[in-house]
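One-letter residues, chain by chain:
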Amino acid sequence: GAVVSQHPSWVICKSGTSVKIECRSLDFQATTMFWYRQFPKQSLMLMATSNEGSKATYEQGVEKDKFLINHASLTLSTLTVTSAHPEDSSFYICSASPGANTEAFFGQGTRLTVV
Amino acid sequence: QQQVKQSPQSLIVQKGGISIINCAYENTAFDYFPWYQQFPGKGPALLIAIRPDVSEKKEGRFTISFNKSAKQFSLHIMDSQPGDSATYFCAAVRGGYQKVTFGTGTKLQVIP
């Protein structure tokens, strides 16, 4: 099946710094990717839709200036958490699919810890 | 509001038993219903999925039952094994398979 890879798998950063998470589709092109956030023992909540070559679409309540999304190519989307704070500590997961009516494949997730 | 409700929150089943997880949805625009399995520290992986024009789908030990009129669907895991211990999420998708709305999750523990 299709492979979606995230990097890094885990990251620790200091409060106030920024951290970038990459999401790559390894064997297919994706015009659309999705970013989710999962707090411990909770469900995955959609944060934003990443569109190649255009602005991301954010879900209600997600700060677009804090969570910067860039989808510069058909195989790469990045999520930058700016001025991170301890409450941003979470598990961030991306998904992508080869086409509009095909399955979404999920990355392995990135554990962010802000200290 | 939670668009996809899931129960139970946690479930303990003996090896060889049947695990049953239930979900309900509100939005009739949803047209695809996948189930995901997630192990700790990993992303979710698609387990099995169904469309609302089908009442049941079986793949190996996993069966989805779907009741369109009641807007409910369930996952049955037959002959549950310790390796099935994971968190299971039901989900719903509208218009294409990409944007997934997840249920609240069920932590399954299969004991020997």
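Details of the structure are given in the entry above.
Throughout this description, residue numbers start from 1 for each chain and increase along the sequence as written. Chains carry letters from A onward and ligands carry numbers from 1 onward, assigned in written order. Local features in a predicted model are, by the rule used here, given only for residues with pLDDT of at least 70; side-chain atom pairs are given and counted only at 80 or more, and totals for whole chains, interfaces and linings are based on all residues. Where side-chain values are given, they derive from all heavy atoms of the structure, hydrogens and water being excluded.

Caption draft 1: Main features of the overall build of chain A. Numbering of helices and strands runs from the N terminus; a helix is a DSSP stretch of H or I covering at least four residues, while a strand is a stretch of E covering at least two. Scanning chain A from terminus to terminus reveals zero helices and eleven strands. Considered along the principal axes of its C-alpha atoms, chain A spans approximately 40 × 25 × 20 Å. When a residue's accessible area, from a 1.4 Å probe over protein chains only, is under 20% of the maximum for its type it is buried; when over 50% it is exposed; and in between it is partly exposed. Per-residue burial for chain A yields a buried fraction of 50% across its 115 residues. By definition, residues are in contact when any of their heavy atoms lie within 4.5 Å. Expressed as a percentage of contacts within chain A between residues at least 6 apart in sequence, the contacts between residues at least 24 apart total 53%. Computed by Shrake-Rupley with a 1.4 Å probe, the accessible areas treat only the displayed protein chains as cover when residues are assessed. Summed over its atoms, the accessible surface of chain A is roughly 5600 Å², and 53% of this surface lies on carbon and sulfur atoms. Computed over 9 positive and 9 negative side-chain charges, the inter-centroid distance for chain A is 7 Å. A residue counts as positive if it is Lys or Arg and as negative if it is Asp or Glu; His and the chain ends are not included. A single reference atom marks each charge: NZ on Lys, CZ on Arg, CG on Asp, CD on Glu.

Caption draft 2: Spotlight on the pattern of salt bridges. The term salt bridge refers to a pairing of a side-chain nitrogen on Lys or Arg with a carboxyl oxygen on Asp or Glu at a separation within 4 Å. Considering all chains together, one arrives at five salt bridges over all chains under this definition. Where A:Lys66 meets A:Asp88, a salt bridge forms, and the shortest distance between an N and an O atom there is 2.8 Å. Linking A:Lys66 in the loop between strand 6 (57-58) and strand 7 (67-73) with A:Asp88 in the loop between strand 8 (76-81) and strand 9 (90-96), this pair joins segments that are 22 residues apart in sequence. Residue A:Lys66 shares its accessibility class with A:Asp88, and that shared class is buried. In this structure, B:Glu59 and B:Lys57 form a salt bridge, with 3.6 Å as the shortest nitrogen-oxygen distance.

Caption draft 3: Focus on the interface of chain A and chain B. Contacts between the two partners involve 22 residues from chain A, matched on the other side by 17 residues from chain B. Counting the surface chain A buries against chain B, the share from its top three residues, A:Ser43, A:Glu103 and A:Phe106, is 30%. A salt bridge links A:Glu59 to B:Lys99, with the shortest nitrogen-to-oxygen separation between them at 3.5 Å. Each polar contact in these results corresponds to two N or O atoms within 3.5 Å; when the atoms are within protein, one needs to be able to donate a hydrogen and the other to accept it, and residues that are neighboring in sequence are counted only if both atoms are side-chain atoms. Across the chain A-chain B interface, the total number found is seven residue pairs in polar contact (both at pLDDT 80 or more). Elements represented by at least two residues in the side of chain A that touches chain B include exactly strand 4 (32-38), strand 5 (44-51) and strand 9 of chain A. The term buried area means the drop in 1.4 Å probe accessible area that two parts suffer when joined, counted for both and summed.

Caption draft 4: How the structure looks around the state of the cysteines. Cysteine sulfurs are considered disulfide-paired once they come within 2.5 Å of each other. In this structure the tally under the stated criterion is two disulfides over all chains. The disulfide that involves A:Cys23 links it to A:Cys94, with 2.0 Å between the sulfurs. Disulfide A:Cys23-A:Cys94: the torsion about the S-S bond is 80°, which places it as right-handed. Of this pair, A:Cys23 sits in strand 3 (residues 19-25) while A:Cys94 sits in strand 9, and the two are 71 residues apart along the sequence. Residue A:Cys23 is classed as buried on the basis of its relative accessible area of 0%. Disulfide partner of B:Cys23: B:Cys90, at an S-S distance of 1.9 Å. Given an S-S torsion of about -95°, the disulfide between B:Cys23 and B:Cys90 has left-handed geometry. Of this pair, B:Cys23 sits in strand 3 (residues 19-25) while B:Cys90 sits in strand 9 (residues 86-93); the two residues are 67 residues apart in sequence, bridging distant segments of the chain.

Caption draft 5: The arrangement of the pairing of strand 2 (residues 10-14) of chain B in detail. Residue and element names in this part refer to chain B. In strand 2, alternate side chains face the same way, and those of Leu11 and Val13 are buried while those of Ser10, Ile12 and Gln14 on the opposite face are not. One bridge is not enough; two strands pair if DSSP finds at least two bridges between them. Note that strand 2 and strand 11 (residues 106-111) share five bridges and pair parallel. Paired with glutamine 14 across the two strands is isoleucine 111, which belongs to strand 11.

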